[in-house]
Amino acid sequence: MSFDRSIKIAPSILSADFANFGQEIRAIEAQGADWVHVDVMDGHFVPNLTFGPPAVKAFRPHVKTVMDVHLMIAPVDPYIEAYAEAGADFLTAHVEAGPHIHRTLQATRAAGMKAGVALNPGTPAEAALPLLDLADMVLVMTVNPGFGGQKFLDMTAKIRTIRAAIGDRPIHIQVDGGIDPVTAPLVAEAGADSLVAGSAVFRGGSVDNPGVYGENIAAIRAAATAGQKTA
Ligand code: DX5
Ligand code: ZN
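This section reports on the structure supplied with the text. Predicted model only: the values in this text are computed from it and were never measured.

### A short note on the side chain of Thr 183
No. 1: Note that Thr 183 resides in the loop between strand 7 (172–176) and helix 6 (184–190).
No. 2: At a separation of 2.9 Å, a polar atom in the side chain of Thr 183 contacts the main-chain carbonyl oxygen of Gly 178.

### As for the layout of surface pockets
No. 1: The space that makes up the largest pocket amounts to roughly 300 Å³.
No. 2: What lines the largest pocket is a set of 28 residues, among which Gly 148, Gly 149, Gly 177, Gly 178 and Gly 198 lie closest to the centre.
No. 3: If you list the elements that add at least two residues to the lining of the largest pocket, you get strand 2 (36–41), strand 3 (67–72), strand 8 (194–197) and helix 7 (199–202).

### Concerning the site of ligand 1
No. 1: Near ligand 1, the surroundings consist of 20 residues, among which Asp 39, Gly 146, Asp 176, Gly 198 and Ser 199 are the closest.
No. 2: The backbone of Gly 146 places a nitrogen or oxygen atom 2.7 Å from an oxygen atom of ligand 1.
No. 3: The separation between an oxygen atom of ligand 1 and a polar side-chain atom of Asp 176 is 2.6 Å.
No. 4: Expressed as a share of its isolated accessible area of 380 Å², the protein-covered part of ligand 1 is 99%.
No. 5: Its atoms largely coinciding with the cavity grid, ligand 1 occupies the largest pocket.
No. 6: Only strand 2, strand 3 and strand 8 provide two or more residues apiece to the shell around ligand 1.
No. 7: It is strand 2 that contributes the most residues to the shell around ligand 1, three residues altogether.

### Side note on the pairing of strand 7
No. 1: Counted residue by residue, strand 7 has five buried out of five residues, so it is predominantly covered.
No. 2: Residues His 172, Gln 174 and Asp 176 of strand 7 are buried on one face, and the alternating residues Ile 173 and Val 175, pointing to the opposite face, are buried as well.
No. 3: Bridge count for strand 6 (residues 137–141) against strand 7 is five bridges, and the pairing is parallel. By the bridge assignment for strand 7, Met 137 is matched with His 172.
No. 4: In this region the chain leaves strand 6, passes through helix 5 (residues 156–166) and returns to the parallel neighbour strand 7; the handedness of that crossover is right-handed.
No. 5: Of the strand pairs in this sheet, strand 7 and strand 8 are connected by three bridges, and their pairing is parallel. Note that in strand 8 the partner of Gln 174 across the bridge is Ser 194.

Rules used throughout
Residues numbered from 1 in each chain as written. Chains lettered and ligands numbered in written order. Predicted model: local features only at pLDDT ≥ 70, side-chain atom pairs only at ≥ 80, totals over all residues. Heavy atoms only, no water. Helix = DSSP H or I, 4+ residues; strand = E, 2+ residues; numbered from the N terminus. Polar contact = N/O pair within 3.5 Å; in protein donor to acceptor, adjacent residues only side chain to side chain. 1 Å grid on protein atoms, 1.4 Å probe; cavity = no way out; pocket = protein on both sides within 12 Å on 5 of 7 lines; lining within 4 Å. Points joined across faces, edges and corners; volume = space filled by probe spheres on them. Near = heavy atom within 4 Å. Areas by Shrake-Rupley, 256 points an atom, 1.4 Å probe, with all protein chains shown as cover. Sits in = over half its atoms within 2 Å of the grid points. Buried < 20%, exposed > 50% of the residue type's maximum accessible area, 1.4 Å probe, protein only. Pairing = 2+ DSSP bridges. Right-handed = clockwise from strand over helix to strand, strands pointing away.

This is how it looks when you write it as structure tokens:
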């Protein structure tokens with residue numbers, strides 16, 4: 001089977017009700033989420049603090065799709081095994097987080113996970129190109145990481161460069177930050193296939209009113225799929 005470049009919507013639970021993660025995860029999956037995106041922040045690499053390995057491990061039994069863990073921490077390497085034990089399917093580390101990104105990607109795969117490499121908006125596409133054979137995904141940040149609800153930064157030129165370099169290799173391009181039905185077609189047309197969205201998925205809904213999550217996910221997917229078709 002050829003590599004799946006259809007649009008995957010990955011709601012970020014950073015925008016969920018923090019007192020109710022189990023129900024929130026089940027609700028977004030029931031409403032069409034393809035992956036569940038978990039934002040790990042350390043108050044050092046980014047100015048915000050979220051979940052550690054025990055919290056991620058507690059999310060795992062609720063995730064029936066794909067648990068996509070985005071590490072915004074430095075250093076990364078001492079924690080790779082803990083996130084493998086917590087049940088991450090994808091583990092993504094930032095290229096800016098340390099001097100030995102090749103080792104990080106190798107260790108991630110050796111621990112049985114898919115390896116992602118993330119680029120901050122200020123980091124050029126070229127930083128990812130020598131890493132492609134060690135990566136299952138490149139995450140092009142479309143905001144500076146740290147918080148949900150920020151304004152989209154246009155990284156379409158960077159996405160295009162990485163997409164062209166990937167060719168037919170089985171590597172996803174993910175985008176994260178400010179993705180909604182307006183920005184989704186732009187990044188999909190440029191070559192992104194995995195779209196993280198926090199506020200645009202959870203806005204207006206709740207576990208008691210989960211149909212809104214479904215409408216939000218469907219709107220992002222429809223806009224992105226239309227953009228992909230024009231590529
Ligand atoms: C940003 C996080 C994102 C964030 C996206 O640091 O990595 O995953 O939650 O949130 P929105 O979609 O609201 O920009
Ligand atoms: Zn993220």
